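Here's the letter readout for the chains.
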Amino acid sequence: MVVFRAAVLHNAAKVVLWESVCYLSKLDACSMPCDVKPRFLVLYGSQKGQAQSIAEGIAEEAEEQGLVADLSCLNENEKYNLEKENAPVVFIVSTTGDGEPPDNTLQFVKRIKKKTLSTDHYKHLCYALLALGDTNYANFCNCGKTIERRLQELGAKQFYATGYADDGVGLEVVVDPWLEGLWNAIKGALSKMASDRTAHLKANAEDSAKETPDSSVPDVQINLLSITDQNCESVGAAVVTDSKFASAASSSASVASDLRPASPAGSHALASQCHDTASIPTSAPQPQSGDAGVSRVVLAASLICSLPPLSESSLNVPALPPPYLDVSLQEVDTIEQIVGPMIKETFHQVPISKAVHLSRGDSVKTALLLELDISAYPTMTCQPGDSFDVLCPNRAAEVDNMLIRLGLQEQRNQHVNITLRKDTKKKGAQVPAYIPQNISLLSLLTWCLEIRSVPKKAFLRALVEHTRDSVQRRRLQELCSKQGAADYNLYVRDPSLSISELLAAFPSCSPPLSLLIEHLPKLQPRPYSAASSCLAHPGKLSFVFNVVEFPACTGRPAGRRGLCTGWLFDLINPSLVLPGKAESSSSPALPKIHVSLRPNCTFRPPSDPSVPFIMVGPGTGVAPFVGFLQQRAEERQRKPEAVFGETWLFFGCRHRDRDYLFREELEGFVSSGTLSHLKVCFSRDDRGDEESAAPQPRYVQHNLLLNSQHVTEILLRQNGYLYVCGDAKNMAKDVNETLIEMIKTELQVDQLDAMKRLAGLREEKRYLQDIWG
Ligand code: FAD
């Protein structure tokens, strides 16, 4: 950025005017030979890195678009100043938990929510906002919506419609078109801001000319423009290119044409690959009758094989992400394998004291309970409603596989040195902070990188550069292209294909280790809700989970288990106590695992025990409520004179005999009066004649409806609480809709009013969710 000091000019306003004209002409037609790149600001708030990577993508593409982007995380407030910002601002923000801002956005949200800010605080600000969320969770895109509402209340003006991207159906459905339209919107905003400034300055200049025609002007610091050596042609080209895909495609036109099987030989190569894949088609090949009445086979598309029109179309592919890391391996004398690197301070290694198989062997899902002995760690003592993180490694076999795939199995114990490439074009590039220095290659792949994560399109694009076979290159191009979006969803995203599975399907692809470190996210610990009360069972902490099963699919010849649940299952399998069986003293000792507390300050039983509350927790969603009820039972014993409000639990599962979790304990709570009402339903058991007068409820929401009067009475008249825990995909949404219906009927109001009433309960923190998917 070059700063002009116009100390001796007769009229500083004229200087700024000239620059604004230059700005405009630059944006309009690039007809003047001026070397100016307009600037804008990109701010992101990100929990898992998705918003950050979109923001980085925007910053990277800015240059191709003839613009300069300043990129900052929202918590780096020393790097930007919205109070003085005179360029367009683009916000990319995700939402986490129950509609909370990401950790690195909390302070920003707090700042802009201050009641003391005036309604014109951000009058000068022009913004666009992309909110990321997941409709499976409550408060969809809540952080983005909160920021937007506050910006508008403080006078900021929107220059481009807000995008609300839904991870539940695929972020790219909204993100891709939003990004395509963004560039023209930024350019339009820049033009408008420059012409507003021109008009303003012109008016000022005329006024000051009238008032003091000969006055000299004091020193003026002009800090509006960047001067670069880029010529106007490329900027002009960027102006007409409104899509990042289009610009990337034009810059890599040779890629698209290279890889399209233009010649019969190319077509043949593709066809032969399709034949190869016929052993794992997505659907059986359909025999069809040709013109001559001869049967021919229409091949099915698969992960590695496409059909027309995709296989014949030109592709718009994303720009190649600039590499930014230099990675080298170094031989060392001593081998210190790091376990759970970087997090030793927050994680405690605790013994598993009990492992119980809660569901019956013939149940569709395997539900397990683990009890941890936390007596050595008083800081792990939790409240009902809290959850905690479990640290799990990548599977040894998958790490080995990856080492072989990278050709680095001999170097597994060497130290990995990672530095930033000096010549990188990546904006805000940093060596990942979660990778310790001098970590061994084996530890890096075991503890730091989520090698199971679904490769993003930018990663696929980068893999193309490391793929020898032209047919495979073409298919990778398709999968990351705009035209191949449906195939990407079908073959990569929906089945949660991992990078190892993808590499197995594309054998000629040999990425360097640096590419994996650049593109794979940090291996995240998995959270679990406490299913016990530390008041009732001091020194113990239990949790319950279903072992996640991923079925086989194209690209995954055999099914696999979830990373953490599969690992836990293998750890405890030899000592597992089966349902109805007593613990055996001869069982092998149980291992230790790394855990860390995640307090949840809102999902807690009411602080006043006389307030009634309702719990809805089908399947493993019952976990925190077992903790609630254990706590309540203990409190009732300790304070028999206290008044305790009614408690309701709605539980559901498939079969009464196979997966009714905690049956005995729950029935015991009813007998002791701790639980006033236990309402259960079994979705796959014979529920009687559906036509009969009193059909059995199938799901928890049906049972809620059957008890509508009580539920609404507690919620709407007795200031009671309602808690929902478990599957985010269907259950939480269905319960939400049912509650709206119940409020409609009970209060005789329309849909909108009922929704408002429910939103009010949420705001009062009397309708609380702890859901996962
Ligand atoms: P992963 O390997 O991480 O795979 C799971 C992912 O794959 C999910 O995103 C899922 O949508 C997806 N997936 C699952 N099956 C398939 C499939 N067939 N095809 C494609 N994709 C699939 N879980 C519990 O069981 N009990 C709890 O008490 C509990 N409490 C939680 C509390 C909180 C606050 C949160 C955020 C989550 C909680 N979870 C709980 C979820 C838990 O953290 C894990 O996500 C879950 O156990 C799966 O972990 P995993 O590593 O085995 O699976």
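Chains are numbered independently. Their residues run from 1 in the order of the written sequence. At least 70 in pLDDT is required for a residue's local features to be given in this predicted model, at least 80 for side-chain atom pairs to be given and counted, and no such filter applies to totals for whole chains, interfaces and linings, which use all residues. Think of the side-chain values as coming from all heavy atoms in the structure, minus any hydrogens and water.

1. With respect to the overall build of the protein chain
We count a stretch as a helix when DSSP gives it H or I for four or more residues in a row; a strand needs E for two or more, and each element gets its number in order from the N terminus. The number of helices and strands found in the protein chain is 24 helices and 27 strands. When a residue's accessible area, from a 1.4 Å probe over protein chains only, is under 20% of the maximum for its type it is buried; when over 50% it is exposed; and in between it is partly exposed. When burial is assessed residue by residue, the protein chain has 50% of its 773 residues classed as buried. Only heavy atoms matter for contacts: two residues are in contact if any of them lie within 4.5 Å across the pair. Here the analysis covers contacts within the protein chain between residues at least 6 apart in sequence; of these, 79% occur between residues at least 24 apart. Total accessible area computed for the protein chain in this model is approximately 35900 Å², and 51% of it derives from carbon and sulfur atoms. Under the convention used here, a 1.4 Å probe and the Shrake-Rupley method define accessible areas, while residue burial counts only the protein chains that appear.

2. Things to note about the confidence of the model for the protein chain
Confidence in the prediction for the protein chain averages 82 pLDDT; 79% of positions are at 70 or higher. Each residue carries a pLDDT value, the predictor's own confidence for that position, ranging from 0 to 100. Across the protein chain, the element-wise mean pLDDT spans from 23 in helix α6 (residues 232–240) up to 98 in strand β23 (residues 613–616). Across residues 1–34, where pLDDT falls below 50, the model places 71 contacts with residues more than four positions away in sequence or in other chains. In this model residues 211–298 is a low-confidence stretch, pLDDT under 50, and it forms 149 contacts with partners more than four residues away in sequence or in other chains.

3. Brief notes about the pattern of salt bridges
Here, a salt bridge means any side-chain nitrogen of Lys or Arg that lies within 4 Å of a carboxyl oxygen of Asp or Glu. Taken as a whole, this structure holds 32 salt bridges when the rule is applied. Of the charged contacts, one joins Arg 604 and Asp 386 as a salt bridge, the two residues approaching to 2.7 Å between their closest N and O atoms. Residue Arg 604 is found in the loop between β22 (592–598) and β23, and its partner Asp 386 is found in the loop between β14 (367–373) and β15 (387–391); the two are separated by 218 residues along the sequence. On the basis of relative accessibility, which here comes to 23%, the residue Arg 604 falls in the partly exposed class. Taking the relative accessible area as the measure of exposure, Asp 386 reaches 2% and is therefore buried.

4. A word on the nonpolar core
By nonpolar core we mean a set of buried residues, namely Ala, Val, Leu, Ile, Met, Phe, Trp, Tyr and Cys, connected to one another through side-chain atoms within 4.5 Å. Residues Leu 303, Leu 444, Leu 449, Leu 463, Leu 502, Phe 506 and Ile 517 are the most contacted members of the largest nonpolar core, which totals 47 residues. Looking at this core, the elements that each hand over two or more residues are α10 (396–406), β16 (415–420), α11 (441–448), α12 (457–464), α13 (470–480), α14 (485–493), α15 (499–505) and α16 (513–519). Not counting residues within four places of it along the chain, the set of residues in contact with Phe 506 comprises Leu 303, Ile 304, Arg 405, Gln 472, Arg 475, Leu 476 and Leu 479. Counting 33 residues, the second largest nonpolar core, distinct from the first, contains Ala 62, Cys 126, Ala 128 and Val 175.

5. Brief notes about helix α2 (residues 50–64)
Helix span is expected to be 1.5 Å times the residue number reduced by one. Taking 1.5 Å of rise per residue, the 15 residues of α2 would be expected to cover 21 Å, and the 22 Å separating its terminal C-alpha atoms lies within 8% of that figure. Of all the residues in α2, the buried ones are Ala 51, Ile 54, Ala 55, Glu 56, Ile 58, Ala 59, Glu 61 and Ala 62. Looking one or two residues past α2, Gly 66 carries a phi angle of roughly 75°, positive in sign.

6. A short note on the sheet that holds strand β12 (residues 325–330)
Being paired, for any two strands, means DSSP has found at least two bridges between them. Read from one edge of the open sheet, three strands run β12-β16-β17, paired in antiparallel fashion. Looking at the sheet topology across the chains shown, the edges are occupied by β12 and β17 (439–440). As judged from the two bridges shared by β16 and β17, these two strands associate in the antiparallel manner. By the bridge assignment, His 415 is partnered in β17 with Ser 440.

7. What about the packing of aromatic side chains?
Within a pair of aromatic rings, the relevant descriptors are the distance that separates the centres and the angle that separates the planes. Between 30 and 60 degrees the pair is tilted, below 30 it is stacked and above 60 it is edge-to-face, where a pair is any two Phe, Tyr or Trp rings, Trp via its six-membered ring, whose centres lie within 6.5 Å. Per the counting criterion, the structure on display carries 18 aromatic pairs. On the numbers, 6.2 Å between centres and 70° between planes, the contact of Phe 613 with Phe 628 is edge-to-face. With Phe 613 in strand β23 and Phe 628 in helix α18 (residues 623–638), the pair connects residues that are 15 residues apart, well separated along the chain. For the pair Phe 613 and Phe 628, a shared accessibility class is recorded, and that class is buried. In textbook terms, an aromatic cluster arises when at least three aromatic residues are bridged by ring pairs, as seen for Phe 603, Phe 613, Phe 625, Phe 628, Tyr 721 and Tyr 723. Charges are assigned to positions over rings by a cutoff of 6 Å between ring centre and Lys NZ or Arg CZ, combined with an angular limit of 35 degrees from the ring normal. Taking the ring centre of Tyr 324 as reference, the NZ or CZ of Lys 426 above it sits at 4.9 Å. The positively charged end of Arg 560 is found above the aromatic ring belonging to Phe 550, 4.5 Å away from the centroid.

8. Observations concerning the site of the ligand
Taken together, 23 residues surround the ligand, and among them Arg 526, Pro 527, Tyr 528, Cys 564 and Thr 565 come closest. Any pair of nitrogen or oxygen atoms within 3.5 Å is treated as a polar contact; in protein, a donor-acceptor pairing is required on top of that, and neighbouring residues in sequence qualify only through side-chain atoms on both sides. Ser 496 places a side-chain nitrogen or oxygen 3.0 Å from a nitrogen atom of the ligand. In this structure, Ser 529 approaches the ligand through a main-chain N or O atom, which is 3.1 Å from an oxygen atom. Relative to its unbound accessible surface of 990 Å², the ligand loses 76% to contact with the protein. Listing elements by their share of the shell around the ligand, those giving two or more residues are β18 (526–529), β19 (540–546), β20 (549–550), α17 (563–572) and β27 (767–772). Being near a molecule or strand, for a residue, comes down to having at least one heavy atom within 4 Å of it.

9. Some words on the sheet that holds strand β24 (residues 647–653)
If you walk across this open sheet you meet the five strands as β25-β24-β23-β26-β27, and the pairing is parallel. Among the strands making up the open sheet, the edge pair consists of β25 (677–682) and β27. Each strand axis lies, on average, 10° off the axis of its neighbour in the sheet, ignoring direction. Of the strand pairs in this sheet, β23 and β24 are connected by four bridges, and their pairing is parallel. Across the sheet, the residue bridging to Ile 614 is Trp 648, located in β24. Fitting a line to C-alpha atoms yields each axis, with helices limited to the stretch in contact; the angle taken between N-to-C directions then spans 0 to 180 degrees.

10. What about the packing of helix α22 (residues 708–717) against helix α23 (residues 731–747)?
Direction vectors running N to C along α22 and α23 enclose 85°, while the axes themselves pass 10 Å from each other. Taken as axis vectors, α22 and α23 run roughly perpendicular relative to one another. Here α22 contributes Ser 708, Gln 709, Val 711, Thr 712, Leu 715, Leu 716 and Arg 717 to the contact with α23, which in turn contributes Leu 739, Met 742, Ile 743, Glu 746 and Leu 747. Here the residues of the contact of α22 with α23 sort into seven nonpolar, three polar and two charged. To sort the angles, those under 35 degrees are grouped as roughly parallel, those over 145 as roughly antiparallel, those from 65 to 115 as roughly perpendicular, and the leftovers as oblique. Any residue that is not Ala, Val, Leu, Ile, Met, Phe, Trp, Tyr, Cys, Pro, Asp, Glu, Lys or Arg is counted as polar, Gly included; the first ten are nonpolar and the last four charged.

11. Considering the state of the cysteines
When two cysteine sulfur atoms are found within 2.5 Å, that pair is recorded as a disulfide. Tallied over the entire structure, the rule returns zero disulfides. Free cysteine: Cys 143, not disulfide-bonded; nearest cysteine sulfur from Cys 141 at 9.4 Å.

12. With respect to unusual backbone geometry
With an omega of 5°, the peptide bond running from Pro 308 to Pro 309 counts as cis. Residue placement: Pro 309 occurs in the loop between β11 (295–298) and β12. The phi dihedral of Cys 141 is positive, around 55°, even though this residue is not glycine. Turning to its location among the elements, Cys 141 is positioned in the loop between β6 (126–133) and α4 (142–153). The exposure class assigned to Cys 141 is buried, which follows from its relative accessible area of 1%. Located in the positive-phi region is Phe 662, a residue other than glycine, with phi close to 60°. Tracing the backbone shows Phe 662 in the loop between α19 (656–659) and α20 (663–672). For Phe 662, a relative accessible area of 11% corresponds to the buried category.

13. Details of the packing of α23 against helix α24 (residues 751–763)
Axis separation between α23 and α24 bottoms out at 9 Å; the angle between their running directions is 115°. Considered as vectors, α23 and α24 are oriented roughly perpendicular to each other. When the axes of α23 and α24 are compared, the crossing they make is right-handed. Of α24, the residues touching α23 (which contributes Asn 736, Leu 739, Ile 740, Glu 741, Ile 743, Lys 744 and Leu 747) are Gln 751, Ala 754, Met 755, Arg 757, Leu 758 and Arg 762. When its residues are assigned to classes, the contact of α23 with α24 shows seven nonpolar, two polar and four charged. The handedness criterion is simple: a crossing whose near helix is rotated anticlockwise from the far helix by less than a right angle is left-handed, and one whose near helix is rotated clockwise is right-handed.

14. A few points about the side chain of Arg 474
Structurally, Arg 474 is set in helix α13. Under the relative-accessibility criterion, Arg 474 is labelled buried at 2%. One polar contact links the side chain of Arg 474 to the main-chain carbonyl oxygen of Ser 311, over a distance of 3.4 Å.

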